[in-house]
Amino acid sequence: MNKHELKKQIHHKELQMKKLHLHQSSTDFCNQLYNSLILEKAVLKKELEELEKNPFAEIIKKTFAPKKKLICDYWNK
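What counts and what doesn't
- Residues numbered from 1 in each chain as written.
- Predicted model: local features only at pLDDT ≥ 70, side-chain atom pairs only at ≥ 80, totals over all residues.
- Heavy atoms only, no water.
- Helix = DSSP H or I, 4+ residues; strand = E, 2+ residues; numbered from the N terminus.
- Buried < 20%, exposed > 50% of the residue type's maximum accessible area, 1.4 Å probe, protein only.
- Contact = heavy atoms within 4.5 Å.
- Areas by Shrake-Rupley, 256 points an atom, 1.4 Å probe, with all protein chains shown as cover.

A. Structural detail: the overall build of the chain. When you go through the chain residue by residue, the secondary structure sums to three helices and zero strands. Beginning at the N terminus, the succession of helices and strands in the chain can be written as α-α-α. Put simply, the chain has 77 residues, and 13% of those count as buried. Considering only contacts within the chain whose residues lie at least 6 apart along the sequence, 63% involve residues at least 24 apart. With an accessible surface of roughly 6,900 Å², the chain has 61% of that area assigned to carbon and sulfur atoms.

B. Fine view of the environment of His 12. For His 12, the location among the structural elements is in helix α1 (residues 3-22). On the accessibility criterion, His 12 (44% relative accessible area) is partly exposed. Spatially, the C-alpha atom of His 12 lies 10.0 Å from that of Leu 37, the residues being 25 residues apart in sequence.

C. Broad picture of the side chain of Lys 13. Here Lys 13 shows up in helix α1. Since its relative accessible area comes to 15%, Lys 13 is described here as buried.

Here it is in structure tokens:
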């Protein structure tokens, strides 16, 4: 999928969630549907985030990022 399609799907999920929230009753079905929409939207947003990442910038960040210290590193000296 491309970014435009993902953004459309995210917007569609948000609209579905708003409609469901307006018509929400106390039934378990509505709650399950609402929760599944939230999960689907989160997955789509994560896919969009992955597409927007610049792979070259990620490589540079990993290369020049400072080494993380663990708490046990302080006692090994």
